[in-house]
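Residue strings, one per chain:
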Amino acid sequence: MCVSQCVRCVGVLLVPMAIVCMLSNILLLLPDLDPHFLLEGHVTREATWATGLWASGLLVLVKSRHFLRSSETKGCWEFRSQMLAQLPPSLVCLLAAGLCLLVSATALVQGPLCLHETPSGPAWGVPLRPLPDRHAGYLYNQTLWTGVCQQPRGVVQWNLVLFSVMGATSGLQALLCGANVCNLLLGLVLGPRLSQEGVSPVSV
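All values reported here derive from a predicted model rather than from experimental measurement.

**Points about the nonpolar core**
Here's step 1: Counting 20 residues, the largest nonpolar core has Leu28, Ala47, Tyr138, Val156, Phe163 and Met166 as the members making the most contacts within it.
Here's step 2: Mapped onto this core, the elements with two or more residues apiece are helix H1 (3-28), helix H5 (76-110), helix H6 (143-147) and helix H7 (155-190).
Here's step 3: With six residues, H7 is the single largest residue contributor to this core.
Here's step 4: In contact with Phe163, not counting residues within four places along its chain, are Leu28, Thr44, Glu46, Ala47, Ser104, Ala107 and Leu108.
Here's step 5: Core analysis: the second largest hydrophobic core is formed by 17 residues, Val10, Leu14, Cys177 and Val181 among them.

Take a look at the structure:
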């Protein structure tokens, strides 16, 4: 497969992944599908950063258009110019997807913002955050999923599923964009003879 075909393939794959990330982040902003938690500021911090919307979502979606417009060129300089022009969008997508992956992983470790019992009464906070003098975390202790947070209802499972989906999708985006960068660099170095001699760069 030639370099241009690989670039277009990456562009096609990134589009549905960006949509998945945007939908996941929108749902994270609406725990229990109730907008009043968002209006009152009772939404998990990492969800409000909206990296699934602007980073792995809109930014990747816009930059993927550059990949879809990739065309096969015959001239050596034209080919290399096209490969060079594709590098910045690939690097931007790689950084955006990596950021979203990092934020999703952080949110999974920290746990959701929720209403929970404290010595002074119910209060909003992050009770499942791992602390040295308490439990190591909630991810492997399912008894904490339903017995700690009072509101929003089912917020632990809600965040767990959606942040996992967003993190996995942005991780796949990062892998695709990283492979695409290697693919473009190989095409930039070897030029059009990749197709003529049957030498295949990194395919994704």
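Text resumes after the structure shown.
**A short note on unusual backbone geometry**
Note: most residues except glycine have negative phi, and most peptide bonds are trans.
Here's step 1: With omega at -10°, the peptide bond leading from Gln151 into Pro152 counts as cis.
Here's step 2: Take Pro152: it is sitting in the loop between H6 and H7.
Here's step 3: The phi angle at Ala50 is positive, at roughly 55°, despite the residue not being glycine.

**Some thoughts on the packing of helix H4 (residues 51-68) against H5**
Here's step 1: At their nearest, the axes of H4 and H5 sit 9 Å apart, and the two run at 160° to each other. Accordingly, the angle class assigned to the pair H4 and H5 is roughly antiparallel. Judged by the sense of rotation from one axis to the other, the crossing of H4 with H5 is left-handed. Contacts between H4 and H5 involve Thr51, Gly52, Trp54, Ala55, Ser56, Leu59, Val60, Lys63, His66 and Phe67 on the former and, on the latter, Gln86, Pro89, Ser90, Val92, Cys93, Ala96, Ala97, Leu99, Cys100 and Val103.
Here's step 2: Its residues placed into classes, the contact of H4 with H5 shows 13 nonpolar, six polar and one charged.

**So, the environment of Thr48**
Here's step 1: Checked against the element boundaries, Thr48 lands in helix H3 (residues 45-48).
Here's step 2: Classification of Thr48 as partly exposed rests on a relative accessible area of 43%.
Here's step 3: For Thr48 and Asn25, which are 23 residues apart along the polypeptide, the C-alpha to C-alpha distance reads 8.5 Å.
Here's step 4: The residues touching Thr48, leaving out its near neighbours within four places in the chain, are Leu29 and Val43.
Here's step 5: Of the polar contacts made by the side chain of Thr48, one reaches the backbone oxygen of Arg45; its length is 2.5 Å.

**Re the state of the cysteines**
Here's step 1: Under the counting rule described, the total for this entry stands at one disulfide.
Here's step 2: Each disulfide pairs two cysteine sulfurs, and for Cys114 the partner residue is Cys149, the sulfurs being separated by 2.0 Å. Judged by the sign of its S-S torsion, about -60°, the bond between Cys114 and Cys149 is left-handed. Highlighted residues: Cys114 in strand E1 (residues 114-118) and Cys149 in the loop between H6 and H7, separated in sequence by 35 residues.
Here's step 3: Of the residues examined, Cys149 reaches a relative accessible area of 12% and is grouped as buried.

**What about H5?**
Here's step 1: Given a rise of 1.5 Å per residue, 35 residues ought to cover 51 Å, and the 51 Å separating the end C-alpha atoms of H5 matches this to within 8%.
Here's step 2: Where H5 ends, the next residue or the one after it, Gly111, has phi of about 90°, a positive value.

**A few points about the packing of aromatic side chains**
Here's step 1: With the rule as written, the count across this model stands at one aromatic pair.
Here's step 2: When the centroid spacing of 6.2 Å and the interplanar angle of 65° are considered together, the rings of Phe37 and Trp124 count as edge-to-face. A residue pair is termed long-range when its members are at least 10 positions apart, and Phe37 in helix H2 (residues 36-39) and Trp124 in strand E2 (residues 121-125) qualify at 87 residues.
Here's step 3: Take Phe37: its relative accessible area is 4%, and that puts it in the buried class.
Here's step 4: Judged by its relative accessible area of 30%, Trp124 is partly exposed.

**Points about the environment of Ala179**
Here's step 1: Tracing the backbone shows Ala179 in helix H7.
Here's step 2: Assessed through its relative accessible area of 16%, Ala179 is described here as buried.

What counts, and where the lines are drawn
Residues numbered from 1 in each chain as written. Predicted model: local features only at pLDDT ≥ 70, side-chain atom pairs only at ≥ 80, totals over all residues. Heavy atoms only, no water. Core = buried A, V, L, I, M, F, W, Y, C linked by side-chain atoms within 4.5 Å. Buried < 20%, exposed > 50% of the residue type's maximum accessible area, 1.4 Å probe, protein only. Helix = DSSP H or I, 4+ residues; strand = E, 2+ residues; numbered from the N terminus. Contact = heavy atoms within 4.5 Å. Axes fitted to C-alpha atoms, helices over the stretch in contact; angles between N-to-C directions. Parallel < 35°, antiparallel > 145°, perpendicular 65-115°, else oblique. Left-handed = near helix turned anticlockwise from the far one by under 90°. Nonpolar A, V, L, I, M, F, W, Y, C, P; charged D, E, K, R; others polar. Polar contact = N/O pair within 3.5 Å; in protein donor to acceptor, adjacent residues only side chain to side chain. Disulfide = S-S within 2.5 Å. Expected span 1.5 Å × (residues − 1). Phe/Tyr/Trp six-rings, centres within 6.5 Å; stacked < 30°, edge-to-face > 60°.

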